[in-house]
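Fold and geometry: a report
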Amino acid sequence: MVIDDESSIIAYLTTVLEDEGYDTCSAMDAEEAVAVARQQQPDLITLDIMMPKRSGIALYQQLKLDDNLRRIPVVFVSAFSRSSGVGPASFRKMIPDERVPVPDVYLEKPVAVPEFLETVASLIESTEADAGPGSGEAP
Amino acid sequence: MISERIRNWIRTEMFDQVPVSICVIDRDYTIVEANQTFSETFGAWHDRKCFSVYKNRTERCERCGAAKTFADGKSRSREEEGAPASEGKPTHYLVQMVPLIREDGEVRYVIEMSTDISEMKRLQQEKLTAERLAAVGQTVAGLAHGIKNVIMGLEGGMYVVSSGIRRHDNEKVRQGWDILEENVARISSFAKEFLDFAKGRAPHVAMVDPNRIAREIVELFGDTASRSGIQLEADLDGTISEAPLDREGIHTCLANLISNALDACEMSNKEDRHVVLATRERDDTLVYEVTDDGCGMEYDVKQKVFTNFFSTKESGKGTGLGLLTTRKIVQEHGGRVSFESAEGEGSVFRLEFPRSRLPEPTNGAEPAEGN
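Just so it is clear, the model here is predicted, and its values are computed rather than measured.

From N to C terminus, chain A includes 5 helices and 5 strands. Counted from the first residue to the last, chain A has its helices and strands arranged as β-α-β-α-β-α-β-α-β-α. Considering only intrachain contacts with a sequence separation of at least 6, the fraction spanning at least 24 residues in chain A is 65%.

From N to C terminus, chain B includes 10 helices and 12 strands. Burial analysis of chain B (371 residues in total) assigns 31% to the buried set. Partitioning the intrachain contacts of chain B with sequence separation of at least 6 by distance along the chain shows that 59% fall at a separation of at least 24.

Residue and element names in this part refer to chain B. Between helix H8 (residues 247-266) and helix H10 (residues 322-332), the least distance of the axes is 9 Å, while the angle of their chain directions is 145°. As H8 packs across H10, the resulting crossing turns out to be left-handed. Here Gly-249, Thr-252, Cys-253, Asn-256, Leu-257 and Asn-260 of H8 come into contact with H10, specifically with Gly-322, Leu-323, Thr-325, Thr-326, Ile-329 and Val-330.

The next point concerns the nonpolar core. In terms of nonpolar packing, the biggest core is built from 40 residues, with Ile-3, Ile-45, Leu-47, Leu-59, Val-74, Val-75 and Phe-76 of chain A touching the most fellow members. For this core, the secondary structure elements donating two or more residues are strand S1 (2-3), helix H1 (7-19), helix H2 (30-40), strand S3 (45-47), helix H3 (56-64), strand S4 (74-78) and helix H5 (113-131) of chain A together with helix H5 (118-167) of chain B. Here the element with the most residues in this core is H1 of chain A; it accounts for 6 residues. Not counting chain neighbours up to four residues away, the residues in contact with Phe-76 of chain A comprise Leu-47, Ile-49, Gly-56, Pro-103, Val-105, Tyr-106 and Leu-107 of chain A. Counting 31 residues, the second-largest nonpolar core is a separate cluster that includes Ala-214, Leu-257, Leu-262 and Val-275 of chain B.

Moving on, we get to the sheet that holds strand S12 (residues 346-354) of chain B. Strand pairing in a sheet relies on backbone hydrogen bonds. The paired strands run either parallel or antiparallel. Residue and element names in this part refer to chain B. The mixed open sheet is built from 5 strands, whose spatial order is S7-S9-S10-S12-S11. On the outer flanks of this sheet lie strand S7 (230-235) and strand S11 (336-342), each paired with one strand and no other. Between one strand and the next, the sheet's axes are offset by a mean angle of 15°, whatever the strand orientation. Both strand S10 (residues 285-292) and S12 contribute to a ladder of 8 bridges, which runs antiparallel. Opposite Asp-292, over in S12, you have Ser-347 as the bridge partner.

On to the environment of Val-34 of chain A. Inspection of the secondary structure puts Val-34 of chain A in helix H2. For Val-34 of chain A and Leu-69 of chain A, which are 35 residues apart along the polypeptide, the C-alpha to C-alpha distance reads 8.7 Å.

Moving on: the sheet that holds S3 of chain A. Residues and elements named next belong to chain A. A sheet is described by the order of its strands in space; here 5 strands give the open sequence S2-S1-S3-S4-S5, paired in parallel fashion. Either end of the sheet is taken by a strand with one partner, and the two such strands are strand S2 (26-27) and strand S5 (105-108). Where S4 lies against S5, 4 bridges are found, and the strand directions are parallel. In the strand pairing of S5, Val-77 is matched with Leu-107.

All right, on to the confidence of the model for chain B then. Reading predicted coordinates in detail is not appropriate for stretches of low pLDDT. All names here are of chain B. A residue-level look at chain B finds 85% of positions with pLDDT of 70 or above and a mean pLDDT of 84. Scored below 50 in pLDDT, residues 364-371 makes 9 contacts in the model with residues more than four places away or belonging to other chains. Interface confidence for the predicted complex, given as ipTM, is 0.82, next to a pTM of 0.56.

A negative phi angle characterises most non-glycine residues, just as the trans form characterises most peptide bonds. Following Lys-109 of chain A, the chain continues to Pro-110 of chain A via a peptide bond in cis, the omega torsion being -5°. Of note, Pro-110 of chain A is situated in the loop between S5 and H5. Its identity is not glycine, yet Asp-47 of chain B carries a phi of approximately 60°, on the positive side. The residue Asp-47 of chain B is located in the loop between helix H2 (36-42) and helix H3 (50-55) in this model.

As a further point, take the packing of helix H7 (residues 210-227) of chain B against H8 of chain B. Residues and elements named next belong to chain B. At a closest axis distance of 10 Å, the pairing of H7 and H8 adopts a crossing angle of 35°. The two elements H7 and H8 meet at a crossing, and its hand is right-handed. Across the interface between the two elements, Ile-213, Ala-214, Glu-216, Ile-217, Phe-221, Thr-224 and Ala-225 of H7 pack against Arg-247, Ile-250, His-251, Leu-254, Ala-255, Ile-258 and Leu-262 of H8. A class-by-class count of the residues in the contact of H7 with H8 yields 10 nonpolar, 2 polar and 2 charged.

On to the confidence of the model for chain A, then. Predicted confidence across chain A gives a mean pLDDT of 83, with 83% of residues reaching 70 or more. Here residues 134-139 of chain A scores under 50 on pLDDT; set against residues more than four positions off or in separate chains, the count is 3 contacts.

Before going further, it helps to spend a moment on the environment of Ser-259 of chain B. For Ser-259 of chain B, the position within the fold is in helix H8. Counting along the chain gives 16 residues from Ser-259 of chain B to Val-275 of chain B, while the straight-line C-alpha distance between them is 9.9 Å.

Quick notes on the rules
- Residues numbered from 1 in each chain as written.
- Chains lettered and ligands numbered in written order.
- Predicted model: local features only at pLDDT ≥ 70, side-chain atom pairs only at ≥ 80, totals over all residues.
- Helix = DSSP H or I, 4+ residues; strand = E, 2+ residues; numbered from the N terminus.
- Contact = placed C-beta atoms within 7 Å.
- Buried ≥ 20, exposed ≤ 12 C-beta atoms within 10 Å, placed from the backbone.
- Axes fitted to C-alpha atoms, helices over the stretch in contact; angles between N-to-C directions.
- Left-handed = near helix turned anticlockwise from the far one by under 90°.
- Core = buried A, V, L, I, M, F, W, Y, C linked by C-beta atoms within 7 Å.
- Pairing = 2+ DSSP bridges.
- pLDDT = per-residue confidence, 0-100.
- Nonpolar A, V, L, I, M, F, W, Y, C, P; charged D, E, K, R; others polar.

Spelled out as structure tokens, the structure:
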């Protein structure tokens, strides 16, 4: 599932994922994202940080505090560079709530397609391994 | 108890030794008495006019403070630029004028006390330069951020086009092509805005009524606000006097802040939404304040408001240059931008201009002073 307020980024990332054989869905803001995620139960979410209304960070917190959604791995895809302070340390400052885990992966825009696909594959794989065989979730 | 003789000696010494140039002038602006520091700083003064001693002038200064003190009997102080010192650098003085009033109420003499504040001025200037450089650095960082988004868009467009060709999917090709076109257009508009931002325009500083600019802005945005069902109001302090400002620059700043405030209101789901543009004068500082009860900002947005430029608005609604441009213009006026915001409650953006740091008018005309 691709969450970004720019339709071109959604078209890009969903095409990349579809070419690789994944089914995709998308949302352009936090509210829509929660609704779609609840309904579609995606295996992975890519999430932009700067979005109107509510930021990706706030949405991430909501996802991780939601019993039905917290298992979904999240990849941040944003134009913030690591040097501008988006990292585990600043993340804890933004979200002091210890129940919210530090994000799995942060990719900087523009993303390299091979790295993006590798990240997606390994996160989905490790989540499935955690869940164990026969956990019942369709891909 | 000390004797009268000792007391007089102390008084004389005190008068001569304080590190402040003190002189007394009569109503003809002739210096009738001065202390030793004054003689050391300005040289011979006996029977000379103050304007001749201070500034090598043959007639009274246009904005003579002493003349006002002779007229109204009130103490006042102001900053003055003195004749260049030996190295050719201008000296700056803080000049205080105190009336010596006769029993019948006539101001016979005025005491003028000049304190050399050149070093303080130099430090202040250095600080302003450093602040400007820091703003440039942050702008460059922000520029990189904006460009990364466009690159991602271009790469995305290319990818979607080639994916469409591979799949023989014309719809996909068209979608990719649209993305390419959209991002090429974004580069053009970015480039234009960056150029405008970098070049800026030579600020034209003139004495203007700060409230007038505020009123113009409220009028300008009145329609936009009412169409969105937002109440836009002006709350102006009528006692504010004219100030040397770049009118067009301040116009841009206020327009940016009001436009942001209206957007913040639009993003909020509240029924009753207000934006107030207020002017204030506090401690010799001119203040513009834009308050909205819109959506407010979260912690992470607040963190990034100035450190990087970004926009939380829908694509096409902003490049994120508005606040940076605002800050640049405010800093050119020696002022500062600050804000407070609470998520879900609204924001206050404040432009503060200490009058002592405002630039000189560029048109060369002597500013008219309010009484």
